[in-house]
Amino acid sequence: MEDQVISKDTLGNTSLHYAVIQECDDLIESLFKKGALTAIRNNAGDTPVDLANDESMRELFAPGAVVAVPADRSLLPRPSGPLKVRDDTYVSVLLSAVAIAGGVMQTPHFRIYSMDPRRAVVDTPQTTPDALIQDGPSLWFGKTWHLQVPLEHMTEGCVAVFELLRYDYHTDGPEVFCWTFFRLDLSKITSAPLTFEMYSPPVDPYSQILARMPGDSFFQAELNISL
């Protein structure tokens, strides 16, 4: 079902493109819940929101809109077959080590997604399993995240956000303990091992002021760019 939701026809349109063209609000909401991606461009270079003819339709894609954030999914495989856009650029990130000042965490795992400058989520959020190894402040994941949308289809200024979550006894659920990000800039991004600073909540990669985590807190990953 997910393959049908995000696959493209000969014009490059997805089901979400056609739902917007037909102004079907209920269908748009249903497609979001099934993992539809807002960043995919058709052969004319239009994303679904670019095809919206009125303000009320565009508001469905606005930051904070309930339907604009699809449900989290486990780590997805690299797009292939009919889901892969030929000759476009894909990003993969091997999540390796995390060092966090603050002691042992319960069920530490990452939530990863892409965000545009309007602070709208434009790629299906994915969650990793819990860390494979936890040794004091050090965590090891050894899992790979694949961006589902090629870089050529991302709006200028988009970022990939990595939230490290832990179990919160007060809410009996996960909370963001710290986070980091990197810019999805096709002209600058390259395959390489990288080290990222970790920041304290709230999560806002476009803020002018980012609060660094206290102590020596960082995230090591290996970025891979491929066609």
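Residues numbered from 1 in each chain as written. Predicted model: local features only at pLDDT ≥ 70, side-chain atom pairs only at ≥ 80, totals over all residues. Heavy atoms only, no water.

1. What about the overall build of the chain?
Here is step 1 of the chain: Looking only at helices and strands, the chain features four helices and 10 strands.
Here is step 2 of the chain: For the chain, the sequential pattern of α-helices and β-strands runs α-α-α-α-β-β-β-β-β-β-β-β-β-β.
Here is step 3 of the chain: Considering only contacts in the chain between residues 6 or more positions apart, those separated by 24 or more positions represent 67%.
Here is step 4 of the chain: Accessible surface, the chain: about 11,100 Å² in total, of which carbon and sulfur atoms supply 52%. (Helix = DSSP H or I, 4+ residues; strand = E, 2+ residues; numbered from the N terminus. Contact = heavy atoms within 4.5 Å. Areas by Shrake-Rupley, 256 points an atom, 1.4 Å probe, with all protein chains shown as cover.)

2. Details of the sheet that holds strand 5 (residues 133-135)
Strand-to-strand pairing in sheets goes through backbone hydrogen bonds, with the strands running parallel or antiparallel.
Here is step 1 of the chain: Read across the open sheet, the five strands follow the order 5-6-2-10-9; overall the sheet is antiparallel. Because the sheet does not close on itself, it has two edges, and the strands there are strand 5 and strand 9 (192-197). The mean angle between the axes of side-by-side strands here comes to 25 degrees, regardless of whether they run parallel or antiparallel.
Here is step 2 of the chain: In the sheet, strand 9 pairs with strand 10 (residues 218-226) via six bridges, with the strands oriented antiparallel. Following the sheet pairing, T195 is matched in strand 10 by Q220. (Pairing = 2+ DSSP bridges. Axes fitted to C-alpha atoms, helices over the stretch in contact; angles between N-to-C directions.)

3. Side note on the pairing of strand 6 (residues 138-146)
Looking along a regular strand, one sees side chains alternate from face to face of the sheet.
Here is step 1 of the chain: As defined by bridge partners, strand 2 (residues 90-99) adjoins strand 6 across seven bridges and the pair is classed as antiparallel. Each residue of the ladder has a partner; that of V93, found in strand 6, is W145.
Here is step 2 of the chain: In this sheet, strand 6 lies alongside strand 5 in antiparallel orientation, the contact comprising three bridges. Considered in strand 6, the bridge of D135 is made with S138.
Here is step 3 of the chain: The hairpin formed by strand 5 and strand 6 contains two residues between the paired strands, and G136 there has a positive phi angle of roughly 65 degrees.

4. What to know about the layout of surface pockets
Here is step 1 of the chain: If you add up the space inside the largest pocket, you get close to 150 Å³.
Here is step 2 of the chain: Along the wall of the largest pocket there are 13 residues; nearest its centre are T47, V49, D116, R118 and T155.
Here is step 3 of the chain: Residue composition of the lining of the largest pocket, by class: six nonpolar, three polar and four charged.
Here is step 4 of the chain: When residues of the lining of the largest pocket are assigned to domains, at least three fall in each of domain 1 (1-68) and domain 2 (74-226). (1 Å grid on protein atoms, 1.4 Å probe; cavity = no way out; pocket = protein on both sides within 12 Å on 5 of 7 lines; lining within 4 Å. Points joined across faces, edges and corners; volume = space filled by probe spheres on them. Nonpolar A, V, L, I, M, F, W, Y, C, P; charged D, E, K, R; others polar. Domains from an automatic or database assignment.)

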